[in-house]
Amino acid sequence: MDPRTVLLVGAGRMGGAMIEGWRVAGPVSMDELIVRDPHPSPEALAAAEQGALVAPADADLARAATVVLAVKPQLWRQVAAEIEPFLAPEAIVVSVAAGVGSADIAAALGGRQVARVMPTTAVAIGQGAVTVYADADEARARAHALFDPLGAVVDVEDEGLMHAATAVSGSGPAYLYAFIEALEAAGVQAGLPAGDAASLARATVTGAAALLAAGDADPAELRRQVTSPGGTTQAGLGVLTGEGELEKLLTATVAAAMKRSKELG
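Residues numbered from 1 in each chain as written. Predicted model: local features only at pLDDT ≥ 70, side-chain atom pairs only at ≥ 80, totals over all residues. Heavy atoms only, no water.

Participant: Explain the overall build of the protein here, please?
Facilitator: A tally of helices and strands in the protein yields 11 helices and 8 strands. If one aligns the C-alpha atoms of the protein with their principal axes, the spans along those axes are about 70 × 40 × 30 Å. Buried residues in the protein amount to 38% of all 265 residues. By element, 58% of the accessible surface of the protein is carried by carbon and sulfur atoms, the whole surface being about 13800 Å². Where the 18 positive side-chain charges of the protein centre and where its 31 negative ones centre are 4 Å apart. (Helix = DSSP H or I, 4+ residues; strand = E, 2+ residues; numbered from the N terminus. Buried < 20%, exposed > 50% of the residue type's maximum accessible area, 1.4 Å probe, protein only. Areas by Shrake-Rupley, 256 points an atom, 1.4 Å probe, with all protein chains shown as cover. Lys, Arg positive; Asp, Glu negative; His and termini not counted. Charge placed at Lys NZ, Arg CZ, Asp CG, Glu CD.)

And the structure:
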């Protein structure tokens with residue numbers, strides 16, 4: 001077993017994002033990466049050109065000190081059964097399978113130490129949001145070594161909170177993309193050409209996010225700064241947030257995602 005070698009099991013969209021983030025930020029050298037996926041992503045194939053071992057033989061799996069489980073929750077038991085006999089006994093497992101508890105993963109993978117991680121695909125550009133749970137210090141440290149260079153990392157001490165982190169952060173980018181789609185459509189309804197509505201909506205959201213990231217002000221303060229009393233922004237916010245409707249909608253949205261996260265486990 002090579003202490004630097006990482007086995008990535010599952011190289012779909014999330015696995016591909018992690019590969020790209022590791023390639024750029026450097027916590028995992030491509031020539032120390034093993035990728036196991038029957039349909040590897042373009043990022044995995046690009047990593048192979050830089051020395052990664054893609055489509056390894058079963059015997060190669062024993063080389064990995066860290067096993068990153070990045071398969072769909074519905075498939076994890078099948079995949080775990082396939083790889084467990086070939087893993088090094090001391091290997092540590094880092095799972096990004098939404099909703100799947102660490103005790104279940106450990107039981108299926110020979111009692112090995114497990115850290116659970118919920119990243120966003122923005123880890124590909126070093127701007128991910130990442131939640132980590134582990135009940136063993138070594139497993140937690142291994143997860144941090146992989147993900148600290150890829151974005152903002154938050155530890156939770158209660159594994160039950162991983163469902164909330166999944167609903168807020170893991171699923172959160174899709175909520176934001178849906179908002180942008182709706183804002184673009186509203187711009188078109190208001191008379192803007194589709195291309196202009198798209199450009200304005202996307203630049204507005206990414207610019208606002210960049211401003212939030214660049215400063216110390218919280219979202220409420222930034223909102224107040226651009227909301228003049230009696231102005232156009234206040235009129236729009238009266239519809240969006242009036243009588244707590246936006247908060248109620250997002251509370252229900254997160255609750256539904258949490259429920260599904262628990263079902264997947």
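Participant: When you look at the side chain of Glu-184 in this model, what are you seeing that I'm missing?
Facilitator: Within the element layout of this structure, Glu-184 appears in helix H7 (residues 172-189). At a separation of 2.6 Å, a polar atom in the side chain of Glu-184 contacts the side chain of Arg-202. Excluding residues that lie within four positions of it along the chain, Glu-184 makes contacts with Ala-197, Ala-198, Ala-201 and Arg-202. (Polar contact = N/O pair within 3.5 Å; in protein donor to acceptor, adjacent residues only side chain to side chain. Contact = heavy atoms within 4.5 Å.)

Participant: It is not clear to me how the pattern of salt bridges should be interpreted in this structure. Could you clarify?
Facilitator: Any two side chains of opposite charge can pair, on the condition that their charged atoms come close. By the definition in use, this model includes 14 salt bridges. Asp-60 is the partner of Arg-63 in a salt bridge, and the nearest nitrogen-oxygen pair spans 3.9 Å. In this structure Asp-60 comes out as partly exposed when scored by relative accessible area, which is 22%. The partner of Lys-259 in a salt bridge is Glu-263, and the shortest N-O contact between them spans 2.6 Å. (Salt bridge = Lys/Arg side-chain N within 4 Å of Asp/Glu carboxyl O.)

Participant: Please explain the packing of H7 against helix H8 (residues 194-214) as it appears in this structure.
Facilitator: Two elements in contact, H7 and H8, have axes whose closest approach is 8 Å; the angle formed by their N-to-C orientations is 140 degrees. Viewed along their axes, H7 and H8 adopt a mutual orientation that is oblique. For the crossing formed where H7 meets H8, the hand is right-handed. Within the contact between the two elements, H7 uses Leu-176, Phe-179, Ile-180, Leu-183, Glu-184, Gly-187 and Val-188 and H8 uses Ala-194, Ala-197, Ala-198, Ala-201, Arg-202 and Val-205. Residue classes in the contact of H7 with H8 are distributed as 10 nonpolar, 1 polar and 2 charged. (Axes fitted to C-alpha atoms, helices over the stretch in contact; angles between N-to-C directions. Parallel < 35°, antiparallel > 145°, perpendicular 65-115°, else oblique. Left-handed = near helix turned anticlockwise from the far one by under 90°. Nonpolar A, V, L, I, M, F, W, Y, C, P; charged D, E, K, R; others polar.)

Participant: Help me out: how do you make sense of a nonpolar patch on the surface in this one?
Facilitator: Side chains of Leu-176, Tyr-177, Phe-179, Leu-183 and Leu-240 sit close together on the surface and give an oily, nonpolar patch of about 460 Å² of accessible area. Here Leu-240 lies in helix H10 (residues 232-240). We classify Leu-240 as partly exposed; its relative accessible area is 39%. (Patch = residues over 30% accessible without salt bridge, like charges linked within 9 Å, V, L, I, M, F, W, Y side chains within 5 Å.)

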